[in-house]
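Now for the letters of each chain:
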Protein chains: 2
Amino acid sequence: MNEIMIDLQGGAKAPLYEKIYRHLKHEICSGRISEGEKLPSTRLLAKQLTVSRSTVEMAYEQLLAEGYILSEACRGFFVCDIRGLYQLNQRETKNRAVKQEKAEVLKEVSVDFSPDAVDTAHFPYNIWRKIYRGVLAEDREELLLPGDGQGDYGLRCVIADYLHQARGVNCTPSELIIGAGNEYLELILAQILGGGKKVLMDDPTYLQAYHTFCNLGYEVWTAPVIKEETAVLNIRTGKPDIVYVMPSHQFPLGTVMTFKRRLELLNWASEEESRFLIEDDHDSEYRYRGKPIPSLQSIDQSGSVIYMGTFSKSIAPSLRISYMVLPERLMEVYRKKCGFYSTTVPRIQQEVLREFMKGGHFGRHLNRMRAVYKSKHDFIIGELRKKAWVAEIGGDHAGLHLPVRIASGINESALCKQALEAGVRVVGISQHYIEPVQKQPEPVLLLGYGKPDEEEIKRGLNILDDILKYQL
Amino acid sequence: MNEIMIDLQGGAKAPLYEKIYRHLKHEICSGRISEGEKLPSTRLLAKQLTVSRSTVEMAYEQLLAEGYILSEACRGFFVCDIRGLYQLNQRETKNRAVKQEKAEVLKEVSVDFSPDAVDTAHFPYNIWRKIYRGVLAEDREELLLPGDGQGDYGLRCVIADYLHQARGVNCTPSELIIGAGNEYLELILAQILGGGKKVLMDDPTYLQAYHTFCNLGYEVWTAPVIKEETAVLNIRTGKPDIVYVMPSHQFPLGTVMTFKRRLELLNWASEEESRFLIEDDHDSEYRYRGKPIPSLQSIDQSGSVIYMGTFSKSIAPSLRISYMVLPERLMEVYRKKCGFYSTTVPRIQQEVLREFMKGGHFGRHLNRMRAVYKSKHDFIIGELRKKAWVAEIGGDHAGLHLPVRIASGINESALCKQALEAGVRVVGISQHYIEPVQKQPEPVLLLGYGKPDEEEIKRGLNILDDILKYQL
């Protein structure tokens, strides 16, 4: 085929080469130029269309790149087999049609008692802004480049120091891994520990951790929590490889593990190289009486404790920075198997946090928040004591929520649903159980006091009054 | 035991309750007060020490919380069994000793030809700063709270639009998952696809992806890449479940997959529900001739393509934002199995990126960088053409590096080592092979031109001159 007519004047505004490319593509797709057919040489077509030869070459190159034609040395350009191409346009249009979408709208909540909600009113916006500006102002090239997969060394240093001072954690910066959230670190941990492990967890517990272990193909075995103790029962009979615990402040029960129990766990773990304890120290920053209790890791003699922590509660959940301290023998496996992973935390974010901690702002922020949360803690307890429907207030002067047993036969989820309809978000304990609770005599609410202020707490509890007053 | 003498005057400055707590703890640890022994009542001890009763209660509470003593209703406080505690101090001091550490120092590099390095000189610091400041200035509470696990809807909208316009990708915001890097998204993907899959990859390829699949227990099977084509050979005989490809620009070979090959892959995948193609579109933004080639996903009829992309090359590697487009049937599994995962990208970062894209800054940045990289691309090719040691220049007018075959018998890694000693970082292709290359006649360097400017390119190549001139 040596004659091609292309209207280069009409049609949409586009470069000449693109018009030629589009025309030929259309001819090929419509089958008007069929497979194997030879296209005119660039020189010839350029002459026919009175355009420069390079224009035609551009068009042919595009067709070559997209595989519509192929070039044979000394012979010229030939049309390829383009089975299936005609469907392309259909699909495209179909999808453009469905492309429009609405965002999910969230329910209007006036008082939020979620146990994982934090106080945002006291976030140190000004300091945070100032540090950000400073970090960005320096046009620091290295902050754009890939960083250390474990997290930047400088940040690991300040975190290691903090953990040692605040939690008695024994670790060097090189034993610390920084990642975007606990679940991510658990995904890494599973690759270090290897597959097919048996994990023992409390029940109720943090379901995110439970679901993560399940997704990783771990066999998760649960021990019902007895009374106010995060008792991990008969480890001996269950023979787990890993025990997941929250000694400083069990979620959701809010209890503190006794020293005796801690030693039992450590002794069990120390008996075999393959046994590990995962200590999730999620909100240990907030303890309102006496000194904080040293971490399990700090009294571990055999290097069996995997220590995890996060800045979600101490700074903000949206920060997405968690950390994990590994025993040396696991660090070696990490370096071998996971050393190639890039960090999951933006370096600018890491640098801002480092300066926030190094400048002493973090310490001041924690003290401030401890005071804020303590007064909320004392306030909500004071208010709850006035309520006839409060049977029992749990918790241990720590964390950001109180488990409250309700003196009523009302169904727990019904209660939460009614409350939400009245604009109050409350969470029941039942939804934190792995094994569905058979018959719970009385509902237990996890009243988070992190987010609401005193006025909101009062209002929220009064709304619960209205719901419960006829239920007693 | 009813008599306890405590020196509340001397010793370190500390609250009274803490001095009492410390003294009793020490007595218990040293065995001077032994297991089972009864402590004096708070009233009695307060009287003895002439301190307020609440002070003693504070001290006892701390001892209770840490498990040194237990309280028995109506009987009083008794010392617990504290086996193993004495070792605590040893361990602590030991660790304090080793706690000091040095950061690894990096080798001094004057010219960096790494294929994954990007140009940082043209990063839009000012705009980025401005947007950051704006986002932070508003004290937007919601940016501190946990966001959508899939990534914020607003950001998914602009990314979906961008992907549709720039890459022809057919997706709605709800089919898009944002995460902190490709490897993280692959960890999620594996949980969606399930374990024990067989993956087929090119060889050479992106080793990070290879290692990730291996860590996940996937059987990875490789197809040697033939000539300049990212040929995925005999899929039929190998019977993989998943084929991992980089059609727009294969790494490290820099080739573009022909349309014919794309259709072959799509046809293969369409034959069975369980078959998937992972399209890693890592640096498709940078193409210097003709129009960009539509993505594999854009011509997928059967919903078999899992599309992955990143902002590492288009903005900065340290940003840690990647995205994944899943076929609807995989999205359903994601929602069921992985819906509970929190996002791994900080919300402030997500909001800044959203405004960067929405404001048109991203488009402008890309055009600017395309011009910057094109001129570097043309410049380095011009320089390479002058070199006697250049046997062949690969690549396809795209991406940020050129595979360059060296006309010399010199060993590839030896060449890279010598270059590094002379201050030039160059990467050989061999280290990107999964199956170690048996005998490579001539070295192939992956010359990245992203980072160095023209002067550095010149200098770097001249240093290679000096190393190679006697090796021809």
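Residues numbered from 1 in each chain as written. Chains lettered and ligands numbered in written order. Predicted model: local features only at pLDDT ≥ 70, side-chain atom pairs only at ≥ 80, totals over all residues. Heavy atoms only, no water.

What follows is about the packing of helix H6 (residues 153–167) of chain A against helix H12 (residues 347–358) of chain A. All names here are of chain A. H12 packs onto H6 with a crossing angle of 40 degrees between their chain directions and a minimal axis gap of 9 Å. Judged by the inter-axis angle, H6 sits oblique to H12. Here H6 runs over H12; the crossing is left-handed. Of the residues in H12, those in contact with Gly-154, Leu-155, Val-158, Ile-159 and Tyr-162 of H6 are Gln-350, Leu-353, Arg-354, Met-357 and Lys-358. A class-by-class count of the residues in the contact of H6 with H12 yields six nonpolar, two polar and two charged. (Axes fitted to C-alpha atoms, helices over the stretch in contact; angles between N-to-C directions. Helix = DSSP H or I, 4+ residues; strand = E, 2+ residues; numbered from the N terminus. Parallel < 35°, antiparallel > 145°, perpendicular 65-115°, else oblique. Left-handed = near helix turned anticlockwise from the far one by under 90°. Contact = heavy atoms within 4.5 Å. Nonpolar A, V, L, I, M, F, W, Y, C, P; charged D, E, K, R; others polar.)

Below, the discussion takes up the sheet that holds strand S15 (residues 444–448) of chain A. Residue and element names in this part refer to chain A. Read from one edge of the open sheet, four strands run S11-S12-S15-S14, paired in antiparallel fashion. The two strands at the open ends of the sheet, each matched to only one other strand, are strand S11 (390–393) and strand S14 (427–428). When S14 meets S15, the two strands line up antiparallel, connected through two bridges. Bridge pairing links Val-427 to Leu-446 in S15. Contacting S11, strand S12 (401–406) and S15, helix H13 (residues 361–385) crosses the sheet at an angle of about 10 degrees to S12. (Pairing = 2+ DSSP bridges.)

So, about the packing of aromatic side chains. Residues and elements named next belong to chain A. Applying the stated criterion to the full structure yields 32 aromatic pairs over all chains. A ring pair is formed by Phe-311 and Phe-362, whose centres lie 5.5 Å apart and whose planes are at 70 degrees; its orientation type is edge-to-face. Of this pair, Phe-311 sits in the loop between strand S9 (305–310) and strand S10 (322–325) while Phe-362 is found in helix H13, placing the two residues 51 residues apart along the sequence. The class for Phe-311 is buried, based on a relative accessible area of 1%. Under the relative-accessibility criterion, Phe-362 is labelled buried at 3%. Stacked on the ring of Trp-221, the Lys or Arg Lys-198 has its end atom at 5.4 Å from the ring centre. (Phe/Tyr/Trp six-rings, centres within 6.5 Å; stacked < 30°, edge-to-face > 60°. Buried < 20%, exposed > 50% of the residue type's maximum accessible area, 1.4 Å probe, protein only. Lys NZ or Arg CZ within 6 Å of the ring centre and 35° of its normal.)

It is worth spelling out the interface of chain A and chain B at this point. Each partner contributes residues to the interface: chain A has 97 residues there, and chain B has 98 residues. Taking both partners together, chain A and chain B bury about 8,700 Å²; carbon and sulfur atoms supply 58% of that area. Linking chain A with chain B are four salt bridges. Across the pair Arg289(B) and Glu61(A) runs a salt bridge, and its minimum N-O distance is 3.0 Å. Viewed at the interface, chain B and chain A are joined by 21 residue pairs in polar contact (both at pLDDT 80 or more). The residue makeup of the side of chain A that touches chain B, split by class, is 44 nonpolar, 24 polar and 29 charged. (Buried area = accessible area lost by both parts, 1.4 Å probe. Salt bridge = Lys/Arg side-chain N within 4 Å of Asp/Glu carboxyl O. Polar contact = N/O pair within 3.5 Å; in protein donor to acceptor, adjacent residues only side chain to side chain.)

Overlaying chain A on chain B yields an RMSD of 0.1 Å, the required transformation being a rotation through 180 degrees with an accompanying axial translation of 0.0 Å. Within this description, the copies of the chain are treated as partners about a two-fold rotation axis. Most of the interface of chain A is mirrored in chain B, where 100% of its interface residues again form contacts. (Least-squares fit on C-alpha atoms with pLDDT ≥ 70 in both.)

Before going further, it helps to spend a moment on unusual backbone geometry. Most peptide bonds are trans, and most residues other than glycine sit at a negative phi. Residue and element names in this part refer to chain A. Following Phe-251, the chain continues into Pro-252 via a peptide bond in cis, with omega recorded as 5 degrees. Phi is positive for Arg-320, which is not a glycine, with a value near 55 degrees. Following the sequence through the fold, Arg-320 ends up in the loop between S9 and S10. A relative accessible area of 8% places Arg-320 in the buried class.

Residues and elements named next belong to chain A. End to end, helix H1 (residues 16–29) covers 20 Å across 14 residues, agreeing with the expected 20 Å (1.5 Å per residue, within 8%). Taken together, the buried positions of H1 are occupied by Tyr-17, Glu-18, Lys-19, Ile-20, Tyr-21, Leu-24, Glu-27 and Ile-28. Buried-residue contacts for H1 involve helix H2 (42–49), helix H3 (53–65), strand S1 (69–72) and strand S2 (76–79). Positive phi shows up at Gly-31, right after H1, with a value of about 85 degrees. (Expected span 1.5 Å × (residues − 1).)

Adjacent strands of a sheet pair through backbone hydrogen bonds, lying either parallel or antiparallel. Residue and element names in this part refer to chain A. Strand order in the open sheet made by the seven strands is S4-S10-S9-S8-S7-S5-S6, with mixed pairing throughout. With partners counted over all chains shown, the strands left at the sheet margins are strand S4 (176–179) and strand S6 (219–224), one partner each. Strand-to-strand twist of the sheet, defined as the mean angle between neighbouring strand axes without regard to direction, takes the value 20 degrees. In terms of strand pairing, strand S7 (residues 242–245) meets strand S8 (residues 276–280) through four bridges, oriented parallel. Counted as the bridge partner of Ile-242 is Phe-276 from S8. Sheet contacts for helix H10 (residues 259–270): S7, S8 and S9; angle to S8, the most-contacted strand, approximately 140 degrees.

All names here are of chain A. If you check the domain split of chain A, you get domain 1 (16–84), domain 2 (111–122 + 364–468) and domain 3 (138–359). Computed over C-alpha atoms, the centres of domain 2 and domain 3 are 27 Å apart. Listed as interface residues are 28 residues of domain 2 and, on the opposing side, 29 residues of domain 3. Both sides of the domain 2 and domain 3 interface together cover about 2,600 Å² of buried area, and 64% of this is carbon and sulfur. It is His-397, His-432 and Ile-434 in domain 2 that bury the most area against domain 3; as a group they hold 24% of the surface buried on that side. At the surface where domain 2 touches domain 3, the tally comes to zero salt bridges. Mapped by element, the contributors of at least two residues to the side of domain 2 that touches domain 3 are H13 and S12. Grouping the constituent residues of the side of domain 2 that touches domain 3 by class yields 13 nonpolar, nine polar and six charged. (Domains from an automatic or database assignment.)

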